[in-house]
Structures are given as structure tokens and as C-alpha cells.
Amino acid sequence: MKKIVSYFLSAFVALSSIFAQTSLDNDVYKKVSASVFEVVVEKHEDTKIIYEKELPLERIPFAIRNDKYMPIGTAFLLTDGSFYTAAHVVNLYGESVYDKYFVRDVNEKVYEIDKIQAFSERRDFIKFSAKGFKFSKGMGLETDDNFELNSDVFSVGNALGEGIVIRNGSLTSQTYEQKNGDWKWLRFSAAASPGNSGGPLIKPDGKVIGIITMKSENENLNYALPIKEINSEKAGTGSAFADYKYVLPNILSYKHPRKFEATITLPKTLAEVNKELTQLHKQNIIDCVNEMKKDYGITGAKCFDNSQEKDEFFMRTLGVTMPLLIYHNQSGVWDYARPNNIQTYNLEENGYVEYGSMVNYYFARIRPPDSVPLKELIINPKKCTDYLTKPFNLSRNVYGEQINILSLGEPEKSETYVDYFGRTWYVNYYALDFADALFMTFSLPLPTGVFLLGTISTRKSVTATNYIDAQFMTDFIYPRYGGKLKFWRQYFSLPSDIRNKFSVTEKQMSMKESKDSLSLSIGDITLSVSKKDINYNDESAITVRTGYDKIDGKVVIKNRNLVFTTSTTEADFKSVSILQVKNPGANAKETLIQSWNQLVNQVSPYNNEPYCQESYTYLDKIVYPAGFDKDKLEYLYILTFAIEGQNKFDEIKKFAENIEKGITLK
């Protein structure tokens, strides 16, 4: 019996679905069509961007190509004379190229959104008026709070941005709002495509029971806000709300829980609402990051100087060409990182771009062509960014075809930012208006060119969060200052308005040249050499490596290593390195203490005796500060000398003796 009952029951359900209403009565259809509007914005075209060829705009369908507006959603008019749409359709806060929004009726007449009368970001609705729209009795749709599950409903909206369409389905269920269960969403099976947001969910008689807000990702079950919820806000107010977990790009171990809640008085114009909420939202993000800095900033309680890894950070110096990012990994350990897949793109005249990406940011080191001075990369950011467009594969998709971008043009905005250590970063923002996006770059001058940290994202994201994240990361960028002698000359001869912005550490680097001698200083270390002792030329290389220290309770960067090397293409290759090593302390890891004791006790190879390695002869010597106490030694120096060829013991001793006369240590 159960099987028979089940059979007839399923057959009845199938028959009832066949006879479900699939279209609206003609009078209802006309009423709905006159009361539902497209939400559109004016198209923005880029005037600064240069493409590899003319954009194939003829591929765009005629109606879209010739429309001065771009559809983004749906709105509808009620009998109270006000318009309604979903809150996420209109940009309530955050920067955007779309500063004006419009509604367009079935006759293609356009009205600009005027005053925002009510809104709720949690419930995802906006109530507004429109400039120039004349409301008269009999216009608009009626609402109905009464509905039955498994009844016929219709979704009405600007599906896929191609005009208002009406599609049928069933009201399937109700489900609680996810956070506190303050209301129940309506779930329905009528199709809802991108562009349907903000449209009405109606009954067969044309009465509105909900505002379409979102769709299920995995199935054709869509969501609408019950129409009665439009009265949830206190009269004359609007409320913004975001519940999120903030993650700093290089702090992978922690997600900071945060809420953005703001209530503002209404009515106000959309521009006024956007300005007020944008300021509040930005401040909310700044406050959030400042809270995270208390733990993870350079002065934070959980930064690397208060971690188990602190002794390694203070003792070591690193020398890779691509600047490193110090990060806190998911296991809670501080470490250095660089992009895994670093590539090189060759420019003309020996220039190149070394680049990669990690933590959703570009990392690039630009060595300009020989004919382009370093100063040009700093004062002319367009030239700098033009070098990046090809290796970064910047392009625009025009109906399936990727059109390469050759230049983003001049930056829309330029500014400077000084990080915790006093280093000045040159910040530039480039517009990609076709995507309502920005390309943001933070550039740090180096002797061989510039290091660049950059990202591309929506204008809203860049101006609200990305620029704050990039500022945070600059404190954790670990660069090496290195390059050929001819590049260092440019670095030291930069105009005073640029040099004056250098950090204390960068200003400690200096060079003096005469006809046959050269003097290099990096603060605690000075090296003076003559050409008779080391035959240097324009291709000789200078490298300065830094390390961390703590002075008066403050983390600082110190210049710890100076390396001077003749060109590797010369037959008579010679090199000298002067490295300041910090005492790791009695509580450091055993391996660090052993390394330190090896230096203090001048254990081989640090015993001033020559040795061979590969095709070179070396000599390492330990130098202690004047008046040192072995048990209270804060730091010492390692002098390393190298010459090409094996078993040149007498020659390396003579070379070291002559060079050491020109070394001054503090």
C-alpha cells in the first residue's frame, strides 16, 4: 500500500508542476514592466592607456556597443512613490569611477538616483528617489506580506544586463539569516542571473513579496529579502555593516576579527552617503590594522625581535639580489621569503626586470637600460611602470581577445610614504577605468634601479585596504644595496631633494673618488683602496648588506657588511669583505652560540691563515673592537680577502696586509 500511495502522490506532484503558471496576465505584465527599471552607470573609457593595437570593439554586440550606459542591476517602484534595489548594487562606500547611478525605464528614459531615504547593508536593500521622475497615483507595484510555500513566483530583473526579463518558478522555502536569525530569507527556484540583484520577486498578481539579493552558488535556489523588512530601519537612518576577518599579507598566522557598523542620518544624496561612510570605513580599517600592529608590527609584542627567531635576525645578514619579505608563517615562525618563480625580462641596452609574485603582490627589481639614469625612474614613474607592463602581462579582455597594454600612462596620483626605518617609498596609482581598478606601486630606489612592490585590484580595494597593507609590508622589506661602481656613482649623485629623503642607514653610505683611489663608508665601516692594490674600474661591484639591532629598546637597521669586488670578467680578480657580526647572547640557540665562539676563538678558517676553495684563495681574519672584553663582546668583525687562483698564499697575505691599512672600524 505504501508503494501505491507513494506512486500516486509523486504522480500528483508531477501533474501539479505541469500546470504551474508560467507567465503573467497581460495587464499584470504591463504594470510590472512599467514599474521595474534597470540600474545603470555611465561608461568610462581610459584615455591614458596605450594598447598594442586598436581595441576590437566591433566584436561587442551592437546594443551594448552603442549604449552610453552600462547595466549593473535592477530597481523597482512601489506605490509609496519610492524606488528600491539591493544595497550591493549601488556603491554606498569606497572609491569608484562610477560616482553617479541611474535608473532606466522600459522606454529607455534615464533618471539619476537622488536622495537615499533608507538602507540596510545587512538586509541588503536601499530606498531612494530619482531626479526628474514624476510620480502619480496608480504608478508602482503593490506589496504583499502574505505568501505560501510551493506557490508560483516570478523573478523580474535586468538579467545579464540585456534588459528586463520575467521568469517563473516556485517559492521553495524560508531560511534564517546566517548571523543572528533576525529574519528569514525567501528561497525560490525562478532563475536569477547576474543583473537580477535588486529586482522584485512577485506573485502572479504582480504584488511584491521580496527583493532579489543573491543566488546559491551550487544550485538554482535564489534568495530574496521579504518585503516587510524594508521597514526594519529606524525612520531617517541607514545602517552599514560588515563582519570580517582582516588578514595582513605577510602575517599568515592570524586573522583579526572585526566589525564595521555605522548608522547615518537620512535623507542624503548618494554622494553624501558615500563620502560619510567611506571615511568611517577607512578609519575602521586603519583602527583594525593598528590593533594588529600592537602584536605584529615592528614594535609589536609578537614581532621577530620578541620571538624565538630573534637572535638569528639580529646576527645574520643576507645578500640575495631580490629584496626579501619578512613574514610570520602559518606555524607562527618568523622567516624571510621571496617569490618562488622569479623570472627575468630583458630590456634594451642591458636593462632587465627581475620579477615574481607572492601574497597577492608583485615583486620586481628594475635595472634600467644604460641610457636611462636612475633619477629618471624616480622622477618619471610612467617610464618605470612602462617597463613592467610586458613582463606582468597586463592586458584587457575584449570579448574573448586579450589585448596587451603597452603603457598605463601617467599616474593618476603620486605621493611618498616613509616606513618605520625612515626609508622613503615613491607611491603611484595608475587608472584602469575599464575595470574600475587601480595599479598601485611602492618603489624604493636602489643603486641598480628600483625595487617595486605592486598590486592590481578594484579601485575600492586599493584605496581602502591595499595601500594600508602595502605600508605595513614596507617595514618588513629587507633589501640588499648592491651594484657596479658606475651605478653607485648615480646613486650617490641623485639630486638633493631625493637624497634628503634617504633613511639614516642609507645616508651613512658614501663614496669619495680621486684619480687613483676610492673611499667607501657605510657608518661603522670605512674602506679606502688604491688602484695599485686592487685594480678597480666601472664594472667593479660594491655590495652593502644590512642587519637588525636593538638600540635603546628600538629595532633599527644597521649597515653590517661592505663588499668590494673587481669585475668577474677581469683576469686579476680580487675581493674584500668586511662583516660586522653581533653577539647572539647567552640565551641564543646553541648553534648560534657555537658559531659565535668559533669566531671569538679564531677557529679555522677564521685564523688569519690562507686556504683554498674551488678556484680561489681566501684569508679570513677576526678583528675585535678596541679595548674589547672577550666575555662582554657585543660584536666583532670578519675580514675576508679573496684572489683568483689556488695556492696563492703569499700573494693573499700581501694583498690582505695592504688592504687592511685602508680599513677603519668603529
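Nothing here was measured: the structure is a model prediction, and the numbers come from that model.

**Student:** Tell me about the overall build of the chain, and please be specific about residues and values.
**Tutor:** Across its full length, the chain holds 13 helices and 39 strands. Dimensions of the chain, computed from C-alpha atoms along their principal axes, come out at roughly 105 × 60 × 55 Å. Per-residue burial for the chain yields a buried fraction of 51% across its 666 residues. Computed over 80 positive and 83 negative side-chain charges, the inter-centroid distance for the chain is 2 Å.

**Student:** Quick rundown of the nonpolar core? Include the residues and the values.
**Tutor:** V103, F119, F304, Y548 and F564 are the most contacted members of the largest nonpolar core, which has 146 residues in total. The element that contributes the greatest number of residues to this core is helix 4 (residues 270-296), accounting for eight residues. With near-sequence residues (within four places) excluded, F119 lies in contact with L92, F125, I126, E233, T237, G238, S239, A240, I264, L266, V273 and L277. In this structure, F154, W183, W185 and I230 belong to the second largest nonpolar core, which totals 21 residues.

**Student:** So what about helix 8 (residues 459-474)? Which residues, and what values?
**Tutor:** Taking 1.5 Å per residue, 16 residues should reach 22 Å; helix 8 reaches 21 Å between its end C-alpha atoms and fits that length. Where helix 8 bends most, at T465, the angle is about 45 degrees.

**Student:** I'd like a rundown of the sheet that holds strand 11 (residues 200-202), residues and numbers included.
**Tutor:** Backbone-to-backbone hydrogen bonds join strands into a sheet, with any given pair of strands oriented parallel or antiparallel. In space, the six strands of this closed barrel follow the order 8-9-10-13-12-11, with antiparallel pairing throughout. The average angle at which neighbouring strand axes cross in this sheet is 45 degrees, direction not considered. Alignment of strand 10 (residues 184-188) against strand 13 (residues 222-226), held across three bridges, turns out to be antiparallel. In the sheet register, R187 faces strand 13, and the bridge partner there is Y223.

**Student:** Please provide a residue-by-residue account of the packing of aromatic side chains, values included.
**Tutor:** In total, this model carries 39 aromatic pairs according to the counting rule given. Note on F392 and F439: the rings are 6.5 Å apart at their centroids and 70 degrees apart in plane angle, and the pair reads as edge-to-face. Of this pair, F392 sits in the loop between helix 7 (381-389) and strand 22 (395-398) while F439 sits in strand 26 (residues 437-446), placing them 47 residues apart in sequence. By relative accessible area, which is 0% here, F439 ends up buried. Above the face of the Y536 ring, K531 is positioned so that its terminal group lies 5.2 Å from the ring centre. Over the aromatic face of Y420 sits the side chain of K554, whose NZ or CZ is 5.6 Å from the ring centroid.

**Student:** Talk me through the side chain of S129; I want residue IDs and the actual numbers.
**Tutor:** Mapping S129 onto the fold places it in strand 7 (residues 125-130). Classification of S129 as buried rests on a relative accessible area of 17%. Dropping the residues within four chain positions of it, S129 is found in contact with F83, E112, I113, D114, K115 and Q117.

**Student:** Run through the sheet that holds strand 22, naming residues and quoting values.
**Tutor:** The strand order across the open sheet built from three strands is 2-23-22, with neighbouring strands paired in antiparallel fashion. The sheet is open, and its two edges are formed by strand 2 (50-51) and strand 22, each paired on a single side. As defined by bridge partners, strand 22 adjoins strand 23 (residues 401-407) across four bridges and the pair is classed as antiparallel. The partner of S395 across the bridge, within strand 23, is N404.

**Student:** Break down unusual backbone geometry for me, with residues and values.
**Tutor:** Note: most peptide bonds trans; most residues except glycine with negative phi. Cis geometry is adopted by the peptide bond preceding P267, which originates at L266 and carries an omega value of 10 degrees. Residue position: P267 is located in the loop between strand 15 (256-265) and strand 16 (268-269). Phi angles above zero are rare outside glycine, and D436 is one such case at about 50 degrees. For D436, the location among the structural elements is in the loop between strand 25 (424-432) and strand 26. Residue D436 is classed as buried on the basis of its relative accessible area, which comes to 15%. Residues other than glycine seldom take positive phi values, yet N608 does so here, at roughly 65 degrees. By the element assignment, N608 lies in the loop between helix 12 (590-600) and strand 36 (610-613). Here N608 falls in the partly exposed class, since its relative accessible area comes to 33%.

**Student:** Mind laying out the environment of W425, listing which residues take part and the relevant values?
**Tutor:** Position of W425 relative to the elements: it lies in strand 25. We classify W425 as buried; its relative accessible area is 0%. Considering only alpha carbons, one finds W425 and L77, 348 residues apart in sequence, at a separation of 50 Å. Not counting residues up to four positions away in its chain, the partners in contact with W425 are E415, T416, Y417, D419, F442, S443, L444, F451, T474 and I477. Within the local environment of W425, its side chain forms a polar contact with the side chain of D419, the two groups lying 2.9 Å apart.

**Student:** Now, about the pairing of strand 23: what can you tell me, with residues and values included?
**Tutor:** Strand residues, when the strand is regular, have side chains that alternate between the two faces of the sheet. Direction of pairing for strand 2 relative to strand 23: antiparallel, over a ladder of two bridges. Bridge pairing links I50 to S407 in strand 23. Remark: two residues form the turn of the hairpin made by strand 22 and strand 23, two consecutive strands paired antiparallel; Y399 in that turn has positive phi of roughly 50 degrees.

**Student:** Summarise the confidence of the model for the chain; cite the residues concerned and give the values.
**Tutor:** On average, residues of the chain score 92 in pLDDT, and 96% of them reach the 70 mark or higher. Throughout residues 1-19 the model reports pLDDT below 50, and contacts reaching past four residues in sequence, or to other chains, amount to zero contacts.

**Student:** Outline the environment of R480, supporting the account with residue identities and numerical values.
**Tutor:** Take R480: it is sitting in the loop between strand 28 (477-478) and strand 29 (481-484). Owing to a relative accessible area of 17%, R480 belongs among the buried residues under this scheme. Once the C-alpha coordinates of R480 and T591 are considered, the two residues, 111 residues apart in sequence, prove to be 25 Å apart. Apart from residues lying up to four places away in sequence, R480 is in contact with G319, V320, T321, L446, T543, V544 and R545.

**Student:** Break down the state of the cysteines for me, citing the residues and quoting the values.
**Tutor:** As enumerated under the stated definition, the model contains zero disulfides in all. No disulfide involves C288; its nearest neighbouring cysteine sulfur is the one of C303, lying 18 Å away. Given a relative accessible area of 0%, C288 falls into the buried group.

**Student:** Explain the pairing of strand 32 (residues 525-530) to me, using residue names and the numbers behind them.
**Tutor:** Within strand 32, five of the six residues are buried, which leaves it mostly tucked inside the rest of the structure. Where strand 31 (residues 517-521) lies against strand 32, five bridges are found, and the strand directions are antiparallel. Across the sheet, the residue bridging to L518 is V529, located in strand 32. In this structure, the hairpin formed by strand 31 and strand 32 is closed by a connection of three residues, where G523 is found at a positive phi of approximately 110 degrees.

**Student:** Kindly report on the side chain of R258, identifying the contributing residues and their values.
**Tutor:** Considering the arrangement of structural elements, one finds R258 in strand 15. For R258, the side chain forms a polar contact with the side chain of E291, separated by 2.7 Å.

**Student:** Run through the packing of helix 4 against helix 8, naming residues and quoting values.
**Tutor:** Where helix 4 meets helix 8, the closest approach of the two axes is 10 Å, and the angle between their N-to-C directions is 25 degrees. Taken as axis vectors, helix 4 and helix 8 run roughly parallel relative to one another. Helix 8 is crossed by helix 4, and the crossing has right-handed handedness. Contacts between helix 4 and helix 8 involve H281, K282, I285, I286, V289, K293 and Y296 from the former and T463, A464, T465, Y467, I468 and F472 from the latter. For the contact of helix 4 with helix 8, the class distribution of residues is eight nonpolar, three polar and two charged.

Cut-off values and rules
Residues numbered from 1 in each chain as written. Predicted model: local features only at pLDDT ≥ 70, side-chain atom pairs only at ≥ 80, totals over all residues. Heavy atoms only, no water. Helix = DSSP H or I, 4+ residues; strand = E, 2+ residues; numbered from the N terminus. Buried < 20%, exposed > 50% of the residue type's maximum accessible area, 1.4 Å probe, protein only. Lys, Arg positive; Asp, Glu negative; His and termini not counted. Charge placed at Lys NZ, Arg CZ, Asp CG, Glu CD. Core = buried A, V, L, I, M, F, W, Y, C linked by side-chain atoms within 4.5 Å. Contact = heavy atoms within 4.5 Å. Expected span 1.5 Å × (residues − 1). Bend = angle between axes of the 7 residues up to and from the residue. Pairing = 2+ DSSP bridges. Axes fitted to C-alpha atoms, helices over the stretch in contact; angles between N-to-C directions. Phe/Tyr/Trp six-rings, centres within 6.5 Å; stacked < 30°, edge-to-face > 60°. Lys NZ or Arg CZ within 6 Å of the ring centre and 35° of its normal. Polar contact = N/O pair within 3.5 Å; in protein donor to acceptor, adjacent residues only side chain to side chain. pLDDT = per-residue confidence, 0-100. Disulfide = S-S within 2.5 Å. Parallel < 35°, antiparallel > 145°, perpendicular 65-115°, else oblique. Left-handed = near helix turned anticlockwise from the far one by under 90°. Nonpolar A, V, L, I, M, F, W, Y, C, P; charged D, E, K, R; others polar.

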